[in-house]
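Architecture and fold: a report
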Amino acid sequence: MFVVWGIVGAIIGAFAGQGFGGAVAGFAIGFLWGRTSRLRRDLDDARRSIDAFVAGAVPAAPTPMPAAPSPSVAPPPAPVEPLAPAQPPPLRPAAPAPAAPPPVAPREPAGPTLGDRLTAAIKRWFTEGNVPVKIGMLVLFAGIAAFLKYAADTGLLRVPMSVRLTIVALVAIAGVAFGWVQRDRRRAFALSLQGGAIGVLVMTVFAAYRMYGLLPAGATFALLIVFVGALGVLAVLQDALALAVLGLVAGFAAPIIASTGQGNHVALFSYYAVLNLGILGIAWKKAWRVLNVLGFVGTFGVGTLWGVLSYRPEFFASTEPFLVLHFLLYLAVPWLHVLRSPKRGRAILDGCLMFGNPIASLLLQGALLDWRPMPLALSALIAAGIYIAIAFALRKRDDMTLLRDTWAVLAVAFSTIAVPLALSASVTSSVFALEGAGLIWLGFRQGRRLPRWAGIGLQLAAAVAWLFAITFRYTPGQMPILNATFIGGMLLVVGAGIGVWQFDRHGTSRGASALARIGLLAWAAIWWLVAFADQIGVPALDDATQAACWAMLLSATALLLALACPRARKLDLGVTLAFGVPLFLIGSTGVVLDAANAGTQWMAGWPLVAVVVMAVTGWFTLRGVAAHRVAAVATSTIGWVRWLAVFTVSIALALDTATTLGQGWRMLAVSLPTLSLAGLTLWGPRWLAAPLHEHARDIRLTVGACVAIGMVAIGIAALGAAGSPRPLPFVPVLNPVDLLLVAALLFVARAIGDAALPDEVRRTRPAVLAALFFVVATSMTLRATHHLGGVPWNGDMAASNLVQLSLTVVWSVIGVVAWVLGSKRGQRMLWLAGAVTMALVLLKLLLVDRGHLGNLFGIASFIAYGLLCTVIGYLAPAPPRQGVPSVPESSHES
């Protein structure tokens, strides 16, 4: 326990010497003091042992024995004394025997002095019993004493309004928790208590925001979302419709409560989107029609009111996605209502949503488009396609006949509306005729009269349209692609392709025949690209459209090569086709990145169409090269990298105009594609490798290597980022950058322990995770001090008192957790790491934080450390025992 005495001496020396020298000198003196005390005790024990030995070897009253008679001299006869038999004659020793030494009385050992007893008591206090608690109590006492003095000097004991509101909120949270505990015993009381308590929380947040100005608008909005979500979750878990309605009403009232008057419609509709997603989630579990209707009326009512009062044409791009999203949401809700109804066969169809949703959405869409015929017709046609697709998907569900037929009727209605809006009379006639024929077929298929009569009516309409067309003729303009240059190029391609096919079917496997096959294939590919390049590079197309065309062309070319690959009979041609696929995918990836550098957004306009084409062609391309292992793995890996590039650059470009978002949200949003791919790599290998399941292991390794590089880059960027969470307030750990670091840490933890890695790599997992956790925790602490404490994010952060306090607390918590877990689990290395961490933090207290005991930073450091040491003493006061085999008692006795 010399080290303990050294620590005590360092504490005293640091306070007395006011610096590092005092701490070092105190540690040395304490160590020597402990060593000297040990030597003194050893000397005392040795002296007592010697005295006891001497006292036991020489008896106090020895009895003399008679001497043996001499062999040459006969002893004289003893005189007879008959009158004194009680007194035996004294025995005299013989002349030659020496006389016995006089007895020596044992020396009484001297008792310990008062100083010795005091020293022994102090030593026992520090070396016996629960040492962490005792050290913690010393530090805690110093911190509390300094805090009381500081509080008395500054008047800190007065309770402000923020503390009062906090107490009210804590009581309300306790009420919610108590209501949850009582949900089975006293259901009515529990539901009322939960609803009322959350209502109190809402009003508390309102008072803190509107009346006292203690919360910003963003924090108020976030808290209201949390409370509304909690009400929804509690309602579903307890099957309480009233609680769900209360939460929905509070949810629609939240934007009014937290409104700043700035009219941010994106934030408003984003909030309503989250709210309606919650309604969709509840509808997935519960058939609560009143909740669905209330959400629909509230959403479209507020949306219509905003459109009448505040909509302008420049808001179209930021408003249209929300209209589409809510249309799709309330397209799914009636289906879920029927699906979750207890009596599905007799479930009542929600006509309010079935017909109100398309009508309201079409009217709002017309208003957004300023009632322009062509875009509105396209919107109606898309809606018709959606309805007919859903109806077709449910064609075999006998329990949803009414729902399916209603959607089919809506599809016909929207198609009928779209045709006269968009097309000329001649085209309208043909479309009407085809649509009528389809309706007649559908009517006979379902055995219903209404579709058949509707089809006959459309045939009559087609006849009228044809008569109108022959009266007003028009001349169509020249179309791209349909010109002599492109057709000539395609003829060259066809000629080369026929040559390749002939050589593959009838040529030999080597020599000139093989060269001809490969040469003609390259010739066809060149003219294919040249012909399309001539059409894509016309001045009429802007840069974004040209990039989209190139991406579609390269993806389609890869698809054609993949489809031809399994049909090739010669090995050389099959290998060439297979390895040509990843080359063209690399080209499309380069187009994506190059266009992104020029500012092309891949989630809008023609680039979005190109993304869809790449998705569709990519699947069939992978299936085509499945027989070639290396080419298949390369194609899949490059395909995933291409999608990573598409979504990453699209998100980055979209956020360039979002000036209200802080750096943290931008970084998290840009990292989402990489995080998603990382999760797919670790936990969804079959999805990652689809449809190439036979190469799943190789694809997982190659894609995982690419993802690991991306995660390293993300982690390094996040460690050095201040990460503003604007417009939301900063919350430690729950801010975007910290969550990004947590995700990266989890990825590393799962990746290093993966069974596909060598054992040597997996054995480094504890050390790597420990180091990364310490680094991540330190970065989170610095970020919290920057946002919450106003410390500048630069190289001078180490000079901040708040930074030092925060690091002390966080490192102490890490040390406590390592200490306790190591002791409980018997992991001595983990316990030792925790003990060393706590010792280093104690040294930091003595050298750095001790100088700040006159303010709250130093006080808090000492109090926190003392409390955490007390926790250690309560949970794990002793180090873990090492496995030493026990020895039977009989062996000691022997």
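Up top is the structure these notes are about.
Just so you know, these numbers come straight off a predicted model, no measurement behind them.

**Overview of the overall build of the chain**
- A tally of regular secondary structure across the chain gives 32 helices and zero strands.
- Across the 894 residues in the chain, those meeting the buried criterion constitute 38%.
- Considering only contacts in the chain between residues 6 or more positions apart, those separated by 24 or more positions represent 69%.
- Surface summary for the chain: the accessible area is close to 50200 Å², and the carbon and sulfur share equals 71%.

**Points about the packing of aromatic side chains**
- On inspection of all chains with the given rule, the structure shows twelve aromatic pairs.
- Ring plane angle 25° and centroid distance 5.5 Å describe the contact between Phe 774 and Trp 811, whose orientation is recorded as stacked. Of the two residues, Phe 774 sits in helix H28 (residues 765-789) while Trp 811 sits in helix H29 (residues 801-825), which places them 37 residues apart along the sequence.
- Classification of Phe 774 by relative accessible area gives partly exposed; the value is 34%.
- Ring centres 5.6 Å apart and planes at 75° place the aromatic pair Trp 819 and Trp 831 in the edge-to-face group. Here Trp 831 lies in helix H30 (residues 828-847) and Trp 819 lies in helix H29, a separation of twelve residues in the sequence. With respect to burial, Trp 819 and Trp 831 carry one shared label: buried.
- Taken together, Phe 269, Trp 306, Tyr 311, Phe 315 and Phe 322 form an aromatic cluster joined through their ring pairs.
- Directly above the ring of Trp 643 sits Arg 642, whose terminal nitrogen or CZ lies 5.6 Å from the centroid.

**Observations regarding the pattern of salt bridges**
- Counted according to the given criterion, the structure contains six salt bridges.
- In this structure, Arg 700 engages Asp 754 in a salt bridge whose closest nitrogen and oxygen atoms are separated by 2.5 Å. One end of the pair, Arg 700, is in helix H25 (residues 696-719); the other, Asp 754, is in the loop between helix H26 (736-752) and helix H27 (759-762), and 54 residues separate them in sequence.
- Residue Arg 783 is joined to Asp 738 by a salt bridge in which the shortest nitrogen-to-oxygen separation is 2.6 Å. Highlighted residues: Arg 783 in helix H28 and Asp 738 in helix H26, separated in sequence by 45 residues.

**Observations regarding the environment of Val 809**
- With respect to the helices and strands, Val 809 occurs in helix H29.
- Using a relative accessible area of 29% as the deciding quantity, one classes Val 809 as partly exposed.
- It is 8.9 Å that separates the C-alpha atoms of Val 809 and Leu 868, two residues lying 59 residues apart in sequence.

**Concerning empty space enclosed by the protein**
- Under the definition given, this model contains one cavity of 30 Å³ or more.
- Of the voids in this model, the largest cavity is the one considered here, and its volume is about 30 Å³.
- Taken together, Tyr 330, Leu 331, Pro 334, Leu 353, Met 354, Asn 357, Pro 358, Tyr 387 and Trp 407 make up the lining of the largest cavity.
- Listing elements by their share of the lining of the largest cavity, those giving two or more residues are helix H11 (316-340) and helix H12 (351-368).
- Sorting elements by how many residues they give to the lining of the largest cavity places H12 first, with four residues.
- Per-class residue counts for the lining of the largest cavity are eight nonpolar, one polar and no charged.

**Quick notes on a nonpolar patch on the surface**
- Taken together, the side chains of Leu 560, Leu 563, Met 603, Leu 608, Val 612, Val 616, Trp 619, Phe 620 and Phe 647 present a nonpolar region at the surface, about 770 Å² in accessible area.
- Contributing elements (two or more residues each) for the nonpolar patch: helix H19 (543-564) and helix H21 (605-624).
- Counting residues per element, the nonpolar patch draws most heavily on H21, which supplies five residues.
- With respect to the helices and strands, Phe 647 occurs in helix H22 (residues 629-655).
- Of the residues examined, Phe 647 reaches a relative accessible area of 36% and is grouped as partly exposed.

Parameters at a glance
Residues numbered from 1 in each chain as written. Predicted model: local features only at pLDDT ≥ 70, side-chain atom pairs only at ≥ 80, totals over all residues. Heavy atoms only, no water. Helix = DSSP H or I, 4+ residues; strand = E, 2+ residues; numbered from the N terminus. Buried < 20%, exposed > 50% of the residue type's maximum accessible area, 1.4 Å probe, protein only. Contact = heavy atoms within 4.5 Å. Areas by Shrake-Rupley, 256 points an atom, 1.4 Å probe, with all protein chains shown as cover. Phe/Tyr/Trp six-rings, centres within 6.5 Å; stacked < 30°, edge-to-face > 60°. Lys NZ or Arg CZ within 6 Å of the ring centre and 35° of its normal. Salt bridge = Lys/Arg side-chain N within 4 Å of Asp/Glu carboxyl O. 1 Å grid on protein atoms, 1.4 Å probe; cavity = no way out; pocket = protein on both sides within 12 Å on 5 of 7 lines; lining within 4 Å. Points joined across faces, edges and corners; volume = space filled by probe spheres on them. Nonpolar A, V, L, I, M, F, W, Y, C, P; charged D, E, K, R; others polar. Patch = residues over 30% accessible without salt bridge, like charges linked within 9 Å, V, L, I, M, F, W, Y side chains within 5 Å.

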